[in-house]
Amino acid sequence: MLLSVRDLRIDFQVSREERFSAVNGVSFDLPERTTLALVGESGSGKSVTALSILGLLPRPVAHVAAESRILFNGENLLGLDEAALRARRGKEMAIIFQEPMSSLNPVFSIGAQLVEGLQLHLGFSRRQARTRALELLAEVGIPNPRGRLDDYPHQLSGGQQQRVMIAMAISCQPRLLIADEPTTALDVTIQRQILDLIADLQQRLSMAVLFITHDLALVGEIATEVVVMKQGEVREAGPLRQIFDAPRDAYTRALLACRPPLGARPRRLRVIEDFMGASPPAQAPMVRRRGSSPEDEIVLDVRHLDKNFMVHEGLWRRRPFRAVKDASLRLARGKTVGIVGESGSGKTTLGLTIAGLLQADGGDILFSGNNLRDPGAMDPMALKRRIQIVFQNPYASLNPRFTVGHILTEPMLLHGIGRNDAERTALARELLRRVGLPQDALQRYPHEFSGGQRQRIAIARCLTVKPEILICDESVSALDVSVQAQVLNLLQDLQDEFHMSYLFISHDLAVVHYMSDQVLVMHEGEVVESGDADEVYAHPQHAYTRKLLSAIPKGI
Amino acid sequence: MAVERASPGLWMLAWRRLRRDRVGMTALVVVMCYLFVVFLALMGWVAQDWTREVGVNYAPPVFWAEDQDETAQRPAVDHAALTDPVPLYGLQDPLARELAAIRAEHPAADLAEAPRRLSLPLGGDKWGHDVWTKVIKGSETSILVGLVAALLATLLGTVMGAVAGYFGRWVDDGFNWLYGVFTAIPYLLLVFAIAAVLQQKGVVTLVLILGLTGWTGVFRLVRAEYLKHKTREYVLAAGAMGASHARRMFIHILPNTSHVILVQLSQNVVGFIKSEVILSFLGFGVPVDVVSWGSMLNEAQNELILGKWWQLAAAGLAMAILVTAFSMLTDALRDALDPKLKY
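On a predicted model such as this, the values are computed, not experimentally measured, just so you know.

Conventions adopted
Residues numbered from 1 in each chain as written. Chains lettered and ligands numbered in written order. Predicted model: local features only at pLDDT ≥ 70, side-chain atom pairs only at ≥ 80, totals over all residues. Helix = DSSP H or I, 4+ residues; strand = E, 2+ residues; numbered from the N terminus. Rg over C-alpha atoms; globule rule 2.2 N^0.38 Å. Contact = placed C-beta atoms within 7 Å. Buried ≥ 20, exposed ≤ 12 C-beta atoms within 10 Å, placed from the backbone. Pairing = 2+ DSSP bridges. Axes fitted to C-alpha atoms, helices over the stretch in contact; angles between N-to-C directions. Nonpolar A, V, L, I, M, F, W, Y, C, P; charged D, E, K, R; others polar. Core = buried A, V, L, I, M, F, W, Y, C linked by C-beta atoms within 7 Å. Domains from an automatic or database assignment. Left-handed = near helix turned anticlockwise from the far one by under 90°. pLDDT = per-residue confidence, 0-100.

**Remarks on the overall build of chain A**
Then, in step 1: Across its full length, chain A holds 21 helices and 21 strands.
Then, in step 2: At 26 Å, chain A has a C-alpha radius of gyration in line with the 24 Å of a compact globule built from 556 residues.
Then, in step 3: Seen along its three principal axes, the alpha-carbon backbone of chain A occupies a region of about 70 × 60 × 45 Å.
Then, in step 4: The long-range share in chain A, meaning contacts at least 24 apart out of those at least 6 apart in sequence, stands at 67%.

Take a look at the structure:
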């Protein structure tokens, strides 16, 4: 057994009196040459567990219980001092993190950063280290390694940066590689490449890999053993097949069920409560019909929209960067158009331009008989009232200095809804109830709520002005899968109730398919394919769409 | 309806953190004591009579001395002899007659001097003013100048930084140019230039000088905060709701930068108290009929040659304690307000 974790307990000192238990009695085994996945949502303690193996916990605030053991090769890592740990870190065990850009030092070339580790741990000379660095870059699939060795991190794409991080991690041929959400920040096609690379290296270098992720679907692609964690405890552990085919724990079953399935479209997504409650869900979820028909009433008609950004070149020169090129879409009342694409595809820019937060450079936006490109076409306040937007990051989209009551009543005040404060507060209270938040939320501040609750507040804020069109810009991407399902259910319910039209923007292909009647696939500012959601997913016409769809992790 | 209890806002949480900081609380108490003294002096309840010559020239600082006055040791002056029409040296005082008439008319106006004390708790200055009273009156001037100038500078810097950072582009370029000009000129040179333009000495002039030159630091930080915040989603969301530019700038973003502004304000108060002292020391500060710590140090220049150290010690110590306490309070405030601890 290469790594055995026994009864790991880690507390964090939050303040002088308060302690927070992050990991509570976790045990698992990782044999040599195996890949074990630690799966859990945010706050499950999976990353803290990984950091404790490397001895990278913040010393003064983290307390590891005395009876905990982390046996690496039969040696208790928790008993080692800093110098002994340092000798093992990087050499026998290595880690790659989620954000490659912030894990690489921006002021050193990637060559220098690779060479440093080789000289330190293996005692190579500079020349030897550079030769080895070239081999490593070739091994992780960086094209033209000789030309890239002296590049700086910002000159590489996100996927290439992660490849360099992997090259650094495997440079001393460690026996254990810890990958902490290594693909979460990457696009789905790049994620596929990195997963393949890690699996390939694991085989060739006969390493053990501890793969940490929140995404059960990814686990099926890479791991042979799975440990499911929740709130610092192991809920279920076992071989991959068993976890997927016969999950014993209710939480594992819930995690597997709450992702939108690609094949079918249930009326509501299953949520954690369906499984964790006393009785199993009684009725089978009904099927929701999606798709468009010619007699739909079109509320928004975007034609040949262009949006350019000016990029500074040198001191004086400016060059237009075409973020959105010739994009067209038609949105019907009560329907959803999904926009899917990878980062940099222009999908967010398209959404912001339609919302009126950016000025278009060409084309027409026809909305209830007005062309929004004409400056005098429509009163800007009336327009803002009818088109609203929910942003991605629920932690950033609410003003931290405002109470929830203030956040909800401000739009009503601006648009003259409600005769007085009492009436507006009553309306806010009603909306809070509608999005499923407690009434006392009005007096509280955003930081007191979880991510999912904050996103509900952001949705309630949009509902205060009763919009006809709601633009959801990656609105569920930052949420845990179980919370994601709840918010998606809420959005569907609200659509049924208020007959709003949604523009649903996301990089997550499964979520977009679940929510949309029609989809637009965007790539480098262009709409490469559009049509009925089921049709596009079943019979993709464009090569890029096919590439995207084939990169979706399928579970097993 | 159930009674809803408001959650602690950011300021409440910051106050709770500050309360736990023992050094910060001590500094706060010291600063509050100073402010209380300033308030008393401002109302005219203490140190109003700092110009009274209560002691002998350069009365030494003695705490325990008997209440003695120097009149006992002074040879008695015979006023009658002075006004005697019979001349001492065969000369007659030409004004003697008028003097006698005036004295007869105003018997109350006694020429006899008020008794002067031989020693004072913190000593006396060249004219016998009580140094203790002077320090109190001086602290009123110095702290008020520091506070008002810091408020002015912070207000200027905040408004300019907000406008520059929020609107960006050519507006930002314009303000940055102004900032560049102000920071490129050596500080004292700039101060002298503005003093020369304003043409008069006085507390108001001093406040204007410090305020007009001291906004640059606040401007730089507030501008950076606005650059950061204007692209945050909550500001975008406010825009999508139809909030005006002014509303987004001052109702949405400003509270989120207030911790930076408060710390800058606090730092500026310390800086300007020191600047006032330096300027008064150099003779560009308060006029002669006003006492400040700076003017006291200025006087101490000459006194030191005579070995009269007490005015220097008193003003220096008063300033050192306040500046130290204020700096520590600034640090504690920064720690208490650091939103990274919370979010």
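**Remarks on the overall build of chain B**
Then, in step 1: The helix and strand inventory of chain B stands at 13 helices and zero strands.
Then, in step 2: For chain B, the succession of helices and strands along the chain, N to C, is α-α-α-α-α-α-α-α-α-α-α-α-α.
Then, in step 3: Split into buried and exposed, the 343 residues of chain B put 34% on the buried side.
Then, in step 4: Taking all contacts inside chain B whose residues are at least 6 apart in sequence as the whole, residues at least 24 apart take part in 75%.

**Details of the sheet that holds strand 10 (residues 225-230) of chain A**
All names here are of chain A.
Then, in step 1: Within the open sheet, the six strands sit side by side as 7-8-9-3-10-11. Their pairing is mixed. Only two strands of the sheet have a single neighbouring strand rather than two, namely strand 7 (93-96) and strand 11 (233-239). Direction aside, neighbouring strands of the sheet carry axes that sit 15° apart on average.
Then, in step 2: Examined bridge by bridge, strand 8 (residues 176-180) and strand 9 (residues 208-213) share five bridges and lie parallel to one another. Bridged to Ile178 within strand 9 is Leu210.

**Some words on unusual backbone geometry**
A negative phi angle characterises most non-glycine residues, just as the trans form characterises most peptide bonds.
Residues and elements named next belong to chain A.
Then, in step 1: Despite not being glycine, Asp7 shows a phi value in the positive range, around 50°.
Then, in step 2: Relative to the elements of secondary structure, Asp7 occurs in strand 1 (residues 3-13).
Then, in step 3: In the Ramachandran plot, Ser206 falls in the positive-phi region, its phi being about 40° despite a non-glycine side chain.
Then, in step 4: Here Ser206 lies in the loop between helix 8 (188-204) and strand 9.
Then, in step 5: The class for Ser206 is exposed, based on 11 C-beta atoms found within 10 Å.

**With respect to the interface of chain A and chain B**
Then, in step 1: At the interface, 25 residues of chain A touch 21 residues of chain B.
Then, in step 2: When residues of the side of chain A that touches chain B are traced back to their parent elements, those giving at least two are helix 14 (380-386), strand 17 (387-390) and helix 15 (404-414) of chain A.
Then, in step 3: The element that contributes the greatest number of residues to the side of chain A that touches chain B is helix 15 of chain A, accounting for three residues.
Then, in step 4: Per-class residue counts for the side of chain A that touches chain B are 12 nonpolar, seven polar and six charged.

**A short note on the pairing of strand 17 of chain A**
Residues and elements named next belong to chain A.
Then, in step 1: The alternating pattern of strand 17 places Ile387 and Ile389 and Gln388 and Val390 on opposite faces, both of which are buried.
Then, in step 2: As paired strands, strand 17 and strand 18 (residues 469-473) are joined by four bridges and run parallel to one another. Each residue of the ladder has a partner; that of Ile389, found in strand 18, is Ile471.

**A short note on the nonpolar core**
Most often, soluble globular proteins keep nonpolar side chains buried together rather than apart.
Residues and elements named next belong to chain A.
Then, in step 1: Counting 209 residues, the largest nonpolar core has Ala37, Leu210, Val227 and Leu503 as the members making the most contacts within it.
Then, in step 2: If you count residues domain by domain, this core takes at least three from each of domain 1 (31-55 + 87-249) and domain 2 (298-550).
Then, in step 3: When sequence neighbours within four positions are dropped, the list of residues in contact with Ala37 reads Phe211, Thr213, Val219, Ile222, Ala223, Val226 and Val227.

**Some thoughts on the environment of Ile212(A)**
All names here are of chain A.
Then, in step 1: Structurally, Ile212 is set in strand 9.
Then, in step 2: Exposure remark for Ile212: the 24 C-beta atoms within 10 Å place this residue in the buried category.
Then, in step 3: Sequence spacing of Ile212 and Lys46 is 166 residues, and the spatial spacing of their C-alpha atoms is 6.8 Å.
Then, in step 4: For Ile212, the residues in contact, after removing those within four places along its chain, are Leu38, Lys46, Ser47, Ala50, Ala179, Asp180 and Glu181.

**So, the domain arrangement of chain A**
Residues and elements named next belong to chain A.
Then, in step 1: What the domain assignment reports for chain A is domain 1 (31-55 + 87-249) and domain 2 (298-550).
Then, in step 2: Taken over C-alpha atoms, the centre of domain 1 sits 34 Å from the centre of domain 2.
Then, in step 3: Contact residues are listed per partner, giving six residues for domain 1 and nine residues for domain 2.
Then, in step 4: In the side of domain 1 that touches domain 2, the residues fall into one nonpolar, three polar and two charged.

**What about the environment of Val311(A)?**
Residue and element names in this part refer to chain A.
Then, in step 1: For Val311, the position within the fold is in strand 12 (residues 298-313).
Then, in step 2: Classification of Val311 by C-beta neighbours within 10 Å gives exposed; the count is 10.
Then, in step 3: Taking the C-alpha atoms as reference points, Val311 and Phe321, separated by 10 residues in sequence, lie 6.4 Å from one another.
Then, in step 4: Contact partners of Val311, with chain neighbours within four places excluded, come to Arg318, Arg319 and Phe321.

**Brief notes about the packing of helix 5 (residues 131-167) of chain B against helix 13 (residues 310-337) of chain B**
Residues and elements named next belong to chain B.
Then, in step 1: For the pair helix 5 and helix 13, the least separation of the axes is 10 Å and the interaxial angle reads 35°. With respect to the hand of their crossing, helix 5 and helix 13 are arranged in right-handed fashion. The residues of helix 13 that touch helix 5, namely those facing Val131, Val135, Gly138 and Ser139, are Trp310, Gln311, Ala314, Ala315 and Ala318.
Then, in step 2: Its residues assigned to classes, the contact of helix 5 with helix 13 shows six nonpolar, three polar and no charged.

**Describing the confidence of the model for chain B**
All names here are of chain B.
Then, in step 1: Averaged over all residues, the pLDDT of chain B is 79; the fraction at 70 or higher stands at 80%.
Then, in step 2: Mean pLDDT in chain B bottoms out at helix 3 (residues 79-83), which sits at 54, and peaks at helix 9 (residues 216-229), which reaches 91.
Then, in step 3: Interface confidence for the predicted complex, given as ipTM, is 0.74, next to a pTM of 0.76.

**Observations regarding the packing of helix 5 of chain B against helix 11 (residues 245-281) of chain B**
All names here are of chain B.
Then, in step 1: Where helix 5 meets helix 11, the axes come as close as 7 Å, and the angle between the chain directions of the two elements is 140°. Considering the relative orientation of helix 5 and helix 11, their crossing is right-handed. Together, Ser142, Ile143, Val145, Gly146, Leu147, Ala149, Ala150, Ala153, Thr154, Thr158, Ala162 and Tyr166 of helix 5 and Met249, Ile261, Gln264, Leu265, Asn268, Val269, Phe272, Ile273, Glu276 and Val277 of helix 11 make up the contact between the two elements.
Then, in step 2: Across the contact of helix 5 with helix 11, the residue classes break down as 15 nonpolar, six polar and one charged.

**A closer look at the confidence of the model for chain A**
Then, in step 1: Residues with a pLDDT of 70 or more make up 97% of chain A, whose mean pLDDT is 84.
Then, in step 2: Mean pLDDT per element in chain A: helix 12 (residues 272-276) of chain A is the minimum at 72, and strand 9 of chain A is the maximum at 91.

**Here we look at the environment of Leu195(A)**
Residue and element names in this part refer to chain A.
Then, in step 1: By the element assignment, Leu195 lies in helix 8.
Then, in step 2: The class of Leu195 is buried, set by 20 C-beta atoms lying within 10 Å.
Then, in step 3: A sequence separation of 225 residues divides Leu195 from Asn420, and the C-alpha atoms of the two residues are 57 Å apart.
Then, in step 4: Ignoring anything within four residues of it in the chain, the contact list for Leu195 reads Thr183, Leu218, Glu221 and Ile222.

**Describing the pairing of strand 3 (residues 35-39) of chain A**
The side chains of a regular strand alternate between both faces of the sheet.
Residue and element names in this part refer to chain A.
Then, in step 1: Taking burial as the measure, the five residues of strand 3 include five buried ones, the bulk of the element.
Then, in step 2: Residues Thr35, Ala37 and Val39 line one face of strand 3 and the alternating positions Leu36 and Leu38 line the opposite face, and both faces are buried.
Then, in step 3: When strand 3 meets strand 9, the two strands line up parallel, connected through five bridges. Pairing of Val39 across the sheet is with Thr213, part of strand 9.
Then, in step 4: Note that strand 3 and strand 10 share four bridges and pair parallel. Pairing of Leu38 across the sheet is with Val227, part of strand 10.

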